[in-house]
Amino acid sequence: MKYDTIIIGGGLSGLACGISLASKGQKVMIAAAGQSSLHFNSGSFDLLGYDEQGNVIDNPLEAVKQLGPEHPYSKIGAAQLNILANQAQELLNTAGIRVKGQTGRNHFRLSPIGVAKPTWLTIENMISLETPDQFPQQEVIVANIRGFLDFPVEFLIDNLEKKGIKALLKTFTTPELEYARENPSEMRATNIAKVLDDETNIKKIADEINHISQAQDLVILPAVLGIANLSAVNLLRKYVHAQITFAATMPPSVPGVLIQTRLRQYFQSMGGMFLEQNKVVRGDFSDDKLNSVYTENLQDEPLQASDFVLATGSFFSGDLNTNYKKVFETLFDLDVDGSEDRTQWAEENIFKAQPYMKYGVRTGSDFTVRKNGKKVNNLYAAGLVLNGHNTVKSADGEGVSLLTGLQVAENILKK
Amino acid sequence: MEGIITAPKLIIDLKTTDLDMKNFTDNLYDVIVIGGGITGVGTARDCAMRGLKVLLVEKRDFTNGATGRNHGLLHSGSRYAVTDPESAKECIQENMILRKIARHCVDPTDGLFITLPEDDLNYQKKFVEACHQAGINAEIIDPEYAKQIEPAVNPDLIGAVRVPDASIDPFRLSTANIIDAKRHGCRFLTYHEVIGFLIDNGRIKGVRLRNHKTGETCEVHSKLTINAAGSWGCLIAKMAGVTVNMFPAKGSLLIFGHRVNNMVINRCRKPANADILVPDDAVCVIGTTSDRVPVETIDHLKVTPEEVNTLITEGEQMAPALASTRILRAYTGVRPLVAKDNDPSGRSISRGIVLLDHETRDGLAGFITITGGKMMTYRRMAEQATDLACKKLGISRRCETATTLLPGSEAENDHKPDPYNYTFFVQKGRHGTLTENIPHEKIEDRAMVCECEEVSVGEVKYAVDKLNTDNLAKLRRHTRMGMGTCQSELCACRAANVLCQVAKLKVEKSEQDLANFIAERWKGMYPVAWGETLKEGQFMSQIYEGLCGLNQLVPKKKEDQK
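Not measured: the values here are computed from a predicted model. (Residues numbered from 1 in each chain as written. Chains lettered and ligands numbered in written order. Predicted model: local features only at pLDDT ≥ 70, side-chain atom pairs only at ≥ 80, totals over all residues.)

1. Focus on the overall build of chain A
Scanning chain A from terminus to terminus reveals twelve helices and 22 strands. Expressed as lengths along the three principal axes of its C-alpha atoms, the size of chain A is roughly 70 × 45 × 40 Å. For chain A, long-range pairs separated by at least 24 residues make up 68% of all intrachain contacts whose partners lie at least 6 apart in sequence. (Helix = DSSP H or I, 4+ residues; strand = E, 2+ residues; numbered from the N terminus. Contact = placed C-beta atoms within 7 Å.)

2. As for the overall build of chain B
On a plain count of helices and strands, chain B comes out with 19 helices and 22 strands. Its C-alpha radius of gyration of 23 Å places chain B within 12% of the 24 Å reference for a compact globule of 562 residues. C-alpha atoms of chain B, sized along the principal axes, occupy 65 × 60 × 50 Å. For chain B, the proportion of its 562 residues judged to be buried stands at 59%. Counting only contacts in chain B whose residues sit at least 6 apart along the sequence, the fraction spanning at least 24 positions is 72%. (Rg over C-alpha atoms; globule rule 2.2 N^0.38 Å. Buried ≥ 20, exposed ≤ 12 C-beta atoms within 10 Å, placed from the backbone.)

3. Structural notes on the packing of helix H2 (residues 38-49) of chain B against helix H11 (residues 378-393) of chain B
Residues and elements named next belong to chain B. Contact geometry of H2 with H11 gives a least axis separation of 8 Å together with a crossing angle of 50°. Comparing their axes, H11 and H2 come out oblique. Handedness of the H2/H11 crossing: right-handed. Contacts between H2 and H11 involve Ile38, Thr39, Gly42, Thr43, Arg45, Asp46 and Cys47 from the first element and Tyr378, Arg379, Met381, Ala382, Glu383, Ala385, Thr386 and Ala389 from the second. Here the residues of the contact of H2 with H11 are counted per class, giving seven nonpolar, four polar and four charged. (Axes fitted to C-alpha atoms, helices over the stretch in contact; angles between N-to-C directions. Parallel < 35°, antiparallel > 145°, perpendicular 65-115°, else oblique. Left-handed = near helix turned anticlockwise from the far one by under 90°. Nonpolar A, V, L, I, M, F, W, Y, C, P; charged D, E, K, R; others polar.)

4. As for the sheet that holds strand E8 (residues 166-168) of chain B
Strand-to-strand pairing in sheets goes through backbone hydrogen bonds, with the strands running parallel or antiparallel. All names here are of chain B. The antiparallel open sheet is built from three strands, whose spatial order is E3-E8-E4. Each end of this open sheet is capped by a strand with a single partner; those strands are strand E3 (73-74) and strand E4 (106-107). Of the strand pairs in this sheet, E4 and E8 are connected by two bridges, and their pairing is antiparallel. Across the sheet, the residue bridging to Asp107 is Ser167, located in E8. (Pairing = 2+ DSSP bridges.)

5. Comments concerning the sheet that holds strand E3 (residues 44-45) of chain A
Read across the sheet, three strands follow the order E3-E7-E4 (chain A) without closing on themselves; strand pairing throughout is antiparallel. Sheet topology places E3 and strand E4 (99-100) of chain A at the edges, where each strand pairs with a single neighbour.

6. Overview of helix H9 (residues 305-318) of chain B
Residues and elements named next belong to chain B. Its 14 residues place the ends of H9 21 Å apart at the C-alpha level, agreeing with the 20 Å of an ideal helix rising 1.5 Å per residue. Where H9 is concerned, the buried positions are Glu307, Val308, Leu311, Glu314, Gly315 and Met318. With its buried residues spanning 145° around the axis, H9 presents them on a single face. Exposed residues lying more than 90 degrees from the buried face of H9 are Glu306 and Thr313. (Expected span 1.5 Å × (residues − 1). Arc of directions from axis to C-beta.)

7. Examining the domain arrangement of chain A
Residue and element names in this part refer to chain A. Considered domain by domain, chain A is made up of domain 1 (2-104 + 257-414) and domain 2 (127-247). Each of domain 1 and domain 2 has a C-alpha centre, and these two points are 33 Å apart. Each partner contributes to the interface: domain 1 provides five residues, whereas domain 2 provides six residues. Counting residues per element, the side of domain 1 that touches domain 2 draws most heavily on helix H10 (residues 254-269), which supplies three residues. (Domains from an automatic or database assignment.)

8. What to know about the pairing of strand E13 (residues 249-256) of chain B
Residue and element names in this part refer to chain B. The buried count for E13 comes to eight of eight residues, which makes it a mostly enclosed element. Residues Ala249, Gly251, Leu253 and Ile255 of E13 are buried on one face, and the alternating residues Lys250, Ser252, Leu254 and Phe256, pointing to the opposite face, are buried as well. As paired strands, E13 and strand E17 (residues 291-292) are joined by two bridges and run antiparallel to one another. Bridged to Ala249 within E17 is Arg292. Judged from the four bridges that link them, E13 and strand E16 (residues 283-287) form a sheet pairing that is antiparallel. Pairing of Leu254 across the sheet is with Ile286, part of E16.

9. Topic: the interface of chain A and chain B
Opposite the 40 residues of chain A that make contact, chain B presents 46 residues. Within the residue set of the side of chain A that touches chain B, elements represented by two or more residues are helix H5 (153-162), helix H6 (175-181), strand E17 (320-322) and helix H11 (391-394) of chain A. Among the elements that make up the side of chain A that touches chain B, the one with the highest residue count is H5(A) (three residues).

10. What to know about the nonpolar core
In terms of nonpolar packing, the biggest core is built from 309 residues, with Val54(B), Val449(B), Ala495(B) and Ile518(B) touching the most fellow members. Non-local contacts of Ala495(B), meaning those with residues more than four positions away in its chain, are made with Val449(B), Cys450(B), Val460(B), Leu472(B), Leu475(B) and Met481(B). (Core = buried A, V, L, I, M, F, W, Y, C linked by C-beta atoms within 7 Å.)

11. A few points about the domain arrangement of chain B
Residue and element names in this part refer to chain B. Segmentation of chain B into domains returns domain 1 (28-66 + 171-243 + 349-393), domain 2 (106-167 + 248-335) and domain 3 (422-561). For domain 2 versus domain 3, the separation of C-alpha centres amounts to 29 Å. Taken residue by residue, the interface counts twelve residues in domain 2 and eleven residues in domain 3. A total of five residues in the side of domain 2 that touches domain 3 trace back to one element, the largest contributor, which is strand E18 (residues 327-335). In the side of domain 2 that touches domain 3, the residues fall into eight nonpolar, one polar and three charged.

12. Side note on unusual backbone geometry
Cis peptide bonds are those with omega within 30 degrees of zero, and the linkage from Pro251(A) to Pro252(A) qualifies with 0°. Examined against the element boundaries, Pro252(A) turns out to sit in the loop between strand E12 (243-247) and H10. Here the residue pair Gly287(B) and Thr288(B) is connected by a cis peptide bond, since its omega of -15° sits within 30 degrees of zero. One can find Thr288(B) in the loop between E16 and E17. Phi at Asp287(A) takes a positive value of approximately 45°, unusual for a residue other than glycine. Note on placement: Asp287(A) falls in the loop between strand E14 (280-286) and strand E15 (289-295). A count of 8 C-beta atoms within 10 Å places Asp287(A) in the exposed class. The backbone phi angle of Glu454(B) is positive, close to 55°, even though this residue is not glycine.

13. As for the environment of Ile32(B)
Residues and elements named next belong to chain B. Its place among the elements puts Ile32 in strand E1 (residues 28-34). Ile32 gets classed as buried once you count the C-beta atoms within 10 Å, which come to 27. C-alpha of Ile32 to C-alpha of Ala44: the two residues are twelve residues apart in sequence and 8.3 Å apart in space. Dropping the residues within four chain positions of it, Ile32 is found in contact with Leu55, Val57, Val207, Val220, Ser222 and Thr225.

14. Brief notes about helix H18 (residues 531-547) of chain B
Residues and elements named next belong to chain B. Its 17 residues give H18 an end-to-end C-alpha distance of 23 Å, which sits within 8% of 24 Å, the value for a rise of 1.5 Å per residue. Buried residues dominate H18, accounting for 15 of its 17 residues. Where H18 terminates, the next one or two residues include Gly549, which has phi positive at roughly 75°.

15. Examining the packing of helix H1 (residues 12-23) of chain A against helix H12 (residues 397-414) of chain A
Residues and elements named next belong to chain A. Contact geometry of H1 with H12 gives a least axis separation of 7 Å together with a crossing angle of 35°. For the element pair H1 and H12, the recorded crossing hand is right-handed. Across the interface between the two elements, Leu12, Ser13, Gly14, Ala16, Cys17, Ser20 and Leu21 of H1 pack against Glu398, Ser401, Leu402, Thr404, Gly405, Leu406, Val408, Ala409 and Ile412 of H12. Residues of the contact of H1 with H12, tallied by class, amount to nine nonpolar, six polar and one charged.

16. Thoughts on the confidence of the model for chain B
Should pLDDT be low for a region, the predicted coordinates there are not to be read in detail. Residues and elements named next belong to chain B. Averaged over every residue, the pLDDT of chain B is 90; the share at 70 or more is 91%. The low-confidence segment residues 1-11 (pLDDT under 50) makes 16 contacts with residues lying over four places distant or belonging to another chain. Of the regions scoring below 50 in pLDDT, residues 558-562 engages in four contacts with residues more than four places distant in sequence or in other chains. Scored as a complex, the prediction yields pTM 0.89 and ipTM 0.97. (pLDDT = per-residue confidence, 0-100.)

Following this line, the structure appears as structure tokens:
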């Protein structure tokens, strides 16, 4: 089987890259091993939230100019970054992920514990703030499902009150939700979303919410609705008298799963081949090229392509890895950046910048990878597997994933 | 079970510092016990059971020293049979007692002493003879049979001896002692440090305390003071003007991500570094290293990369599966080794119990030090210290701790899992007969806080209402919350919120507590941060800092200090 491009990794960067290529008529396959970091997504897309000193960034397009040469954004360049950012926003909207926000000016998302963090785009249903303390209403109702522990309401309300917002906690439930509670491990965001993905159940929770609120209220709900599509959210808006908005929960993230699903469907609608639960396990290299790859379930079937993209994510996704001697990339043993001295990888204080966060696959300015010091001409890296950036400290995860995915697609098409 | 007296059925209550200090300080106590480790709480219990009026003071929280930082091994004594027969005898006798009086804290796993090709098989004979002499039932078994009963053992073994080692939970054991001491009228002050002694005419008549939470100081009077502060005991002695010749020995250990072995595995050779692998609940622990450290450093010990290397290399020798098992975390404790008075260099240090009567030894009346020993022998240490205290106070009541069941152990745990209520089964394993205090009738009480360790909201309520739990670290010790494979990635936030609601804490305090708890979890992961542990660490950072912004709630000053 021969493809134009095979992408290894079905997360945000792999999908963005795949969609871009497929939309230009390429025959593309994405091989995904399992879940991606979208499963702990906040409901927003960060581009660049903090500078090296930890100060909040107002305009990411200006701030990228201050980044070191190793940062993926520096390889893209500020002007091109702006173009790609607009392209990404359009891509999300076309895929059915309605977002608010603009590239040249960060707004703020509300974290599950009520902390405001700078971000680029936020899903329309989710709450967003213009400035950290500027809230849509001075009085809000925080409405949680009874027994749902992954919405830390005590912390959320405390931090809202620190912003001068009067927040009132109310809880509600329905017989279906109570039934789900019988099994304690069912009370996770994604499971609840499945229970609620039904018009009768939505009507029931709307009734409950109407009992605890009035038309002029703003009700903040945990983001546990709309795992497959947004019809549940739209129905709820229809039936609830008060204004409603959603706040991020602890993982697993329902908005993240929706983003993943929508992008995958969009990719497939353009003829893209999405191979699920099928981990790429090895590749055949010759000279300066990768010729084919093999997956766990298709060990004897070489999957050939003109170009390949490695979009396997950071350490927690498993391809980038360490043992007690070294940092390495598991699949192809590509060249990585990372100290040879284990004691240099981490800091004892978890809230300090952890050096390992910047470790990743080493690439040229066109994002082609290196193996044994030699460039592999048709193998590119995109997303969090790239070296040179700290997603946690800079708040740049979704941006790096989307924009390097799109840039790699452009580089492949340019050839 | 004849001869065993059941503890009186009374309320459980672990309340300490929230009582008005005046209640404590107005009175004259018979005995003040210094130190909230297992020796201190055991001694306080014994004294209280003999009718003494007792106050225990601890500068931080219970089990903060060596009690909370060891293998969790219920030694059979075999390890010391050849080199330290006195300790071996103490161990086996206490082993048999603890299996009865603290059975809800003990997992009766048995142990193996294995001989590997590079070890001398002749040592096995000597070892077994020494065990028999100490009264330990050590039985040579066929290496093939050893592989059958413990599949994780190194298959290259050439010899195996089966011994009555077991696994014990130090936190539960301490809690049971505290509950029982309170039932007998003992009072406890945690976060109160002894900053001086009230000395009058060659006699200690009390202590001066500082409350670490408020900064207040006060004086408490007593007829006797018992120094049970472990490695910190030499500093306490020094404060009283006497010398205890102590050689603190640092011991580092690693926790692996699952229970690789079902029996304790030891090397059948002269005791050396990293040659004991103990199954503890759902995990297993390899240890320890042993290095003498200066007394000044014992509050700030860290696991070094060299120690980690030693522990991994030696651990793989005993159970090769460890090579491919994730290391959850590393930790280090400090043994209070004491040189006998006729051995100032500390060359022939024993693990035996050291009881010092400072009146006869140093001419300082009213002061006793109980030290040396091991967690294993805490009850006997308590007995000896209390015997001496009673003698001095003219009390003739005899010790009953060897036969009185600890709270939680009043009934046999049938160890049969109930497939319809696994959580209850797990909780019974943790709390024994005390499990009946855990609310579980209501649906909200059955909601799961920590899935790895099956900790329910009801168990959090029990820990708050009955065990004086007001922070995540205490909750962890009482319930194992956050100690499982995910190392509190998700459950910490859940638990912090539930705790905040149940214990009615100030939310800000709860947020700080969560940040401190996450920081503390990472500190233990940091020395072994590679492979799966690095992944989990990154995940933890992504969630708590990236997603939640918890770092923004950490006061800047505190962050700098760390």
